[in-house]
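# Report on the structure
In case you want the letters, here they are:
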Amino acid sequence: MRKLLAIWAVKILSIVGKLIGRKSSNAPGVVALKICPDIIRKCSKDIKKGTIVVSGTNGKTTTNNMIYAELKSLGFQVICNKLGANMIGGIATTLCQEANILGRIHADYACFEIDEASTVKIFDQLTPQVMVITNLFRDQLDRYGEIDITMQKLKTALKKAPKIKLVLNGDDPLTASFGTLENVEATYYGISEKVLPQINEVKEGQFCQQCGKPLKFEYYHYSQLGNYHCPSCGAKRPKIDYEVKNVDLRKGMNFTINEKPIHIDYKGFYNIYNVVASYGACCAMGIDTENFAESFKGYKPQIGRMEQFEFNKPVILNLSKNPAGFNQSIQTVLQDRRKKDIIITINDNYNDGTDVSWLWDVDFAKLNDGTMNTLTCTGLRLYDIALRFKYEDIHVDEISADVKDAVRKSLNTDSDVVYLLVTYSALYATQKLLKELKKEWEENLCKR
Amino acid sequence: MQEITILHLFPDLLNLYGDTGNIACLKKRLEWRGYQVKVVRCTVEDNQMDLTHTDIVFIGGGSDREQKIVCSKLLEKKKELTEYVENDGVVLAVCGAYQLLGKYYKLDDETIEGLSILDITTERGETRLIGNVIAQSPLFEQPIVGFENHGGRTIINNHEPLAKIIKGYGNTGDTGYEGVHYKNVFATYIHGPLLPKNPQFCDEILSCALRRKDPNFKGLEKLDDSLENQANEAIIKRFG
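## Topic: the pattern of salt bridges
For the structure shown, the criterion picks out 37 salt bridges over all chains. Here A:Asp124 ties to A:Lys160 by a salt bridge, and the two come within 2.9 Å at their closest N and O atoms. One end of the pair, A:Asp124, is in the loop between helix 6 (119-122) and strand 4 (130-133); the other, A:Lys160, is in the loop between helix 8 (147-159) and strand 5 (165-169), with 36 residues separating them in the sequence. Look at A:Lys160 and you get partly exposed, because its relative accessible area is 33%. The partner of B:Lys183 in a salt bridge is B:Asp88, and the shortest N-O contact between them spans 3.8 Å. Remark: B:Asp88 occurs in the loop between helix 3 (78-86) and strand 4 (90-94) and B:Lys183 occurs in the loop between strand 11 (180-182) and strand 12 (185-188); sequence separation between them is 95 residues. B:Asp88 gets classed as partly exposed once you look at its relative accessible area, which sits at 35%.

## Remarks on the nonpolar core
Judged by nonpolar contacts, the single largest core of 149 residues is most densely connected at A:Ile344, A:Phe364, A:Phe389, B:Leu9 and B:Phe201. Element by element, the count of residues in this core is highest for helix 10 (residues 270-285) of chain A, at 11 residues. Viewed by domain, this core spans two of them, domain 1 (47-84 + 106-298) and domain 2 (307-447) of chain A, each represented by three or more residues. Look past the residues within four positions of B:Phe201 in its chain and what remains in contact with it is B:Leu92, B:Phe140, B:Ile144, B:Leu162, B:Phe186, B:Leu194 and B:Leu195. Listed in part, the 50 residues of the second largest apolar core include A:Ile40, A:Ile114, A:Ala157 and A:Tyr188.

## Let's talk about the domain arrangement of chain A
All names here are of chain A. Parsing chain A into structural domains produces domain 1 (47-84 + 106-298) and domain 2 (307-447). Taking the mean C-alpha position of each, domain 1 and domain 2 sit 28 Å from one another. Contacts between the two partners involve 22 residues from domain 1, matched on the other side by 25 residues from domain 2. Here domain 1 and domain 2 share an interface that buries about 1900 Å² over both sides, 45% of which is from carbon and sulfur atoms.

## Section: the side chain of A:Thr150
Of note, A:Thr150 is situated in helix 8. Not counting the four nearest positions on each side in its chain, A:Thr150 is found in contact with A:Glu116, A:Leu136 and A:Tyr144.

## A few points about the interface of chain B and chain A
Accessible area lost when the parts come together is the quantity often used to give the size of an interface. Every contact between the two is made by 37 residues of chain B and, on the other side, 28 residues of chain A. When the buried area of chain B at its contact with chain A is split by residue, B:Tyr17, B:Leu227 and B:Arg238 rank highest and sum to 22% of it. One can count four salt bridges joining chain B with chain A. In this structure, A:Asp384 engages B:Lys197 in a salt bridge whose closest nitrogen and oxygen atoms are separated by 2.5 Å. Across the chain B-chain A interface, the total number found is 13 residue pairs in polar contact (both at pLDDT 80 or more).

## Focus: the sheet that holds strand 15 (residues 372-378) of chain A
Residue and element names in this part refer to chain A. Ordered by their spatial adjacency, six strands build an open sheet running 12-13-17-14-15-16, and the pairing between neighbours is mixed. Unpaired on one side and paired on the other, strand 12 (307-310) and strand 16 (398-399) mark the two borders of the sheet. In the packing of helix 12 (residues 323-335) onto the sheet, contacts are made with strand 13 (314-319), strand 14 (340-345) and strand 17 (417-422), and the angle to strand 17 comes to roughly 175°. The strands that helix 13 (residues 382-390) touches are strand 14, strand 15 and strand 16; relative to strand 15, the one it contacts most, it runs at about 145°.

## Quick word on the environment of A:Asp108
Residues and elements named next belong to chain A. You can see Asp108 is positioned in strand 3 (residues 107-113). Once the C-alpha coordinates of Asp108 and Leu71 are considered, the two residues, 37 residues apart in sequence, prove to be 9.4 Å apart. Leaving out residues up to four positions away in the same chain, Asp108 has contacts with Ile47, Lys48, Lys49, Gly50, Phe76 and Gln77. Engagement of the side chain of Asp108 in a polar contact is seen with the backbone nitrogen of Gln77, the distance being 2.8 Å.

## What to know about the pairing of strand 5 of chain A
Residue and element names in this part refer to chain A. With respect to burial, strand 5 is a largely interior element, four of its five residues being buried. Where strand 4 lies against strand 5, four bridges are found, and the strand directions are parallel. Each bridged residue has a counterpart across the sheet, and for Met131 the counterpart in strand 5 is Leu166. Where strand 5 lies against strand 6 (residues 185-191), five bridges are found, and the strand directions are parallel. Its bridge partner being in strand 6, Leu166 is matched across the sheet by Ala186.

Quick notes on the rules
- The numbering scheme is per chain: residues are counted from 1 as the chain's sequence reads.
- Written order decides the labels, with chains lettered from A and ligands numbered from 1.
- Totals for whole chains, interfaces and linings use every residue, but because this is a predicted model, local features are given only for residues with pLDDT of at least 70 and side-chain atom pairs only at 80 or more, for both listing and counting.
- Each side-chain value is derived from all of the structure's non-hydrogen atoms; neither hydrogens nor water enter the calculation.
- Put simply, a salt bridge is a Lys or Arg side-chain nitrogen that is within 4 Å of an Asp or Glu carboxyl oxygen.
- Elements are defined by DSSP. Helices are runs of H or I of four residues or more, strands are runs of E of two residues or more, and each kind is numbered from the N terminus.
- Accessible area is worked out with a 1.4 Å probe on protein chains only. A residue is then buried under 20% of its type maximum, exposed over 50%, and partly exposed in between.
- Take the buried residues of types Ala, Val, Leu, Ile, Met, Phe, Trp, Tyr and Cys, join any two whose side-chain atoms come within 4.5 Å, and each joined set is a nonpolar core.
- These domain boundaries are the output of an automatic or database domain assignment.
- Here a residue-residue contact requires only that any non-hydrogen atoms of the pair lie within 4.5 Å.
- Summed over both partners, the accessible surface that disappears when two parts come together, traced with a 1.4 Å probe, is what is meant by buried area.
- Nitrogen and oxygen atoms within 3.5 Å of one another constitute a polar contact, given that in protein one can donate a hydrogen and the other can accept it, and given that sequence-neighbouring residues count only through two side-chain atoms.
- A strand pair is defined by DSSP finding two or more bridges across the two strands.
- Between N-to-C directions, angles cover 0 to 180 degrees, with each direction set by a line fitted to C-alpha atoms, over the stretch in contact for helices.

Right under this line is the structure:
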């Protein structure tokens, strides 16, 4: 009975939320958990074939949605927290919304992205067959604490799921170390050739997880991802089960996974990791990956992941929320050789992390490569980001709290493209504003 | 022109969050005034430092695990560092490094021995003290603004605090004071890029180093700090 009440509560709260224009996917689930504390266990029992979860600092949403796209393309019924509500409330909300009014769920598979810190609580109720861990970077120290704490939490969670199959990023010494735990079965994915120029950034995991001595890297892809070994104890990058090679970043991205060619139409080197992680997850789950390359044709990048808006020139919105993510964002922007205006929005709300110290771990100097036309700093921490540029000797053209005005201005410059790099809490607001501006722009076009 | 040497101790281990902002700030504010600056990194691996040719030592924050690794390395340098400080050498120690300058840092199940350069002791509290900080130092007019995130509670005994807390937790969360100022040592829990938003604090540190190097030092040339001051004031307006 409690289960039904919890499900109805979520359904009603979701409708009310929509009516008053508040799209919280976490809050209804929190209420459901109060009514029925084991609602996740009760609902997830109905999932017929299996559950895959994705955790790690960056790439959770994209990887999880790619797994979803693959499963859907094979004709399965799939439950997924697509919009990224990844704490315990979000998982409860997703399951309750999928249940019918009699409390039954009809689904073959579930794929959930899960916040690293929430895995311990969620694994009390949910028993996934497969878990992907994408990477571990420094992120929101005020909320998560140090990386060591996050790793400890993941280890505690894994003890609660003894038969789980881990799919791990073998290029990340921190993530790969989960494969050496007792009672886990792990496979690894990785990119087995040097692709990008080596950049100067703060790197985690420079010390061997087994013996504590410094690691040696043959090359880096970015941050601490690369090919490494420990000269002291002999630990090294594991044998890669899902191996990317033949990377070509010129037209979209082309590469091979275990020699099968893959083409994707969007940018961002890190997306190669997301693709191969989702491939590995499907293999570990025993899903047929024969037509894996095909299933991507229908996949659309999520909100604010290199999302493009067409005006008189393209305006591209990209989430950039921690040093590793921001450095990748900058790399992707730099691969576009057109003359560009860049607008950066830095907020310090709870979802962003209230501490913006991380801005100093981003290699912003790289932006100054001669293709930048104007640079604008906005957001609640506009002065912090402007100062960051000042101490890099990069000229900031405008410091303004008004993002809309900043976009309008850049539409009128002689640049060819505009990039908006924003932190998490600014993402939806910026997307909304771009849609409004687009409408405004189209109306003006008609008037002429 | 004079050359100033900044020694960054163990940047490969103690670099928790944006510590490089402090190095960048010290360096740029000297260069903008025409000084030559050399930044020397003493990493865990090469473990070489020469304090006789050092004008400013910077030590940043690390996780508890990293602090344990660093501690033994640091203790090898105890004598040298103590002499440097007693000879008015300039040190900026942030967060974890602040704790390690003291006698010990007591964790739940073990005690990390510190350098005992400062007569202070630290114990881990039950909660972490996290948030924006505003504090007033007697050394300069502009309030210090920044962010703290620490589990340790530090008792500073007879030392002078660096500043009086206006907003935030500080050394223990209830004494109302933040950090320690001893001779030319500036030690604080305000972590990461502390100096860019606190140009007067940065210049105070630079002045100490230049005065020590040159008895005829006449003071620092003024810079255009309007952006730095705006950033400082914005924090006070929002959180003060």
